[in-house]
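Here is how the chains run, residue by residue.
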Amino acid sequence: MNSRFDYPTNTGSLGGPRRASTVISPFQQTPNRTPFERAWEHAVSAQRRPTVLVVEDSDETSFLLRTVLTRKGYRVVEAWDGKQAIEVAESEELDLILLDLQLPRLNGLGVIHRLRQNPKLETVPIVIITGQDPEKYRSSAIAEGCDDFLMKPIDFDRLDALLDYYAPTGQLAA
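Please read these numbers as outputs of a predicted model, since none were measured by experiment.

Next up on the list: the confidence of the model for the protein. For the protein, per-residue confidence averages 80 on the pLDDT scale, and 70% of positions sit at 70 or higher. For the stretch residues 5-30, pLDDT sits under 50, and the model shows 38 contacts to residues farther than four places along the chain or on other chains.

What follows is the structure, given as structure tokens:
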């Protein structure tokens, strides 16, 4: 299988804003597909996959989450800072938001506050991902509308449980 990764240009927290990435379709258009392959491709692409917004300014964590979520059957959209997270969330139909607390331009608590003011986004589950002590932020995060916490380094069993609870794909875990 030919895979091509487009790595975003990372200017980090001190540089300019980065663009959200787009998901690359695993179905490359090739003229030599059999009728069965074309029918299968259409059936798979017709199914709506749950969409997860990953808001993370660390390239490593973002890449890790994007890879894991895509392999589990999720459509992944990304944002690199708080303001971009709001823009992406308002333009997408989201099933879950995985949100870092420490972000440039607008921190995670500010993002939650703004998202919960939008009627379209007030019920979308938001899971904070943090390397900080969650007790330090728990009361203010819950008051803003956070649904859950995931600690860094990421516990993949916990991530699976959160995904199954908030945005199940309808398929069995691999």
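Read on for the rest.
Let us look at the sheet that holds strand β1 (residues 51-55). With parallel pairing, five strands are arranged side by side in an open sheet as β2-β1-β3-β4-β5. Pairing within the sheet leaves two strands with one partner each, and these edge strands are β2 (75-79) and β5 (148-151). For this sheet the average axis-to-axis angle between neighbouring strands, irrespective of direction, equals 20 degrees. Pairing geometry for strand β3 (residues 96-100) and strand β4 (residues 126-130), over four bridges, is parallel.

A few words now on unusual backbone geometry. Of the consecutive residues K152 and P153, the connecting peptide bond is found in the cis state with omega at -5 degrees. Structurally, P153 is set in the loop between β5 and α6 (156-166). Positive phi outside glycine occurs at R105, with the angle close to 70 degrees. Structurally, the position occupied by R105 is in the loop between β3 and α4 (108-116). Using a relative accessible area of 48% as the deciding quantity, one classes R105 as partly exposed.

Here the focus is the packing of aromatic side chains. Inspection of every chain in the model, using the stated rule, returns one aromatic pair. Their ring planes at 85 degrees and their centres at 4.8 Å tell us that Y165 and Y166 sit as a pair that is edge-to-face.

What describes two packed helices is the angle between their axes and the distance between those same axes. Direction vectors running N to C along helix α2 (residues 59-71) and α6 enclose 55 degrees, while the axes themselves pass 12 Å from each other. By the angle between their directions, the pair α2 and α6 is classed as oblique. When the axes of α2 and α6 are compared, the crossing they make is right-handed. Counting all contacts with α2, which are made through L64, L65, V68 and L69, the residues of α6 involved are F156, L159 and L163. For the contact of α2 with α6, the residue count by class is seven nonpolar, no polar and no charged.

Direction vectors running N to C along helix α3 (residues 82-91) and α4 enclose 25 degrees, while the axes themselves pass 9 Å from each other. On the basis of the axis angle, α3 is roughly parallel to α4. You can see that α3 and α4 cross each other, and the crossing is right-handed. Where α3 abuts α4, its residues G82, A85, I86 and A89 lie against V111, R114 and L115. Considering only residue class, the contact of α3 with α4 consists of five nonpolar, one polar and one charged.

Reading guide: rules and limits
Residues numbered from 1 in each chain as written. Predicted model: local features only at pLDDT ≥ 70, side-chain atom pairs only at ≥ 80, totals over all residues. Heavy atoms only, no water. pLDDT = per-residue confidence, 0-100. Contact = heavy atoms within 4.5 Å. Pairing = 2+ DSSP bridges. Helix = DSSP H or I, 4+ residues; strand = E, 2+ residues; numbered from the N terminus. Axes fitted to C-alpha atoms, helices over the stretch in contact; angles between N-to-C directions. Buried < 20%, exposed > 50% of the residue type's maximum accessible area, 1.4 Å probe, protein only. Phe/Tyr/Trp six-rings, centres within 6.5 Å; stacked < 30°, edge-to-face > 60°. Parallel < 35°, antiparallel > 145°, perpendicular 65-115°, else oblique. Left-handed = near helix turned anticlockwise from the far one by under 90°. Nonpolar A, V, L, I, M, F, W, Y, C, P; charged D, E, K, R; others polar.

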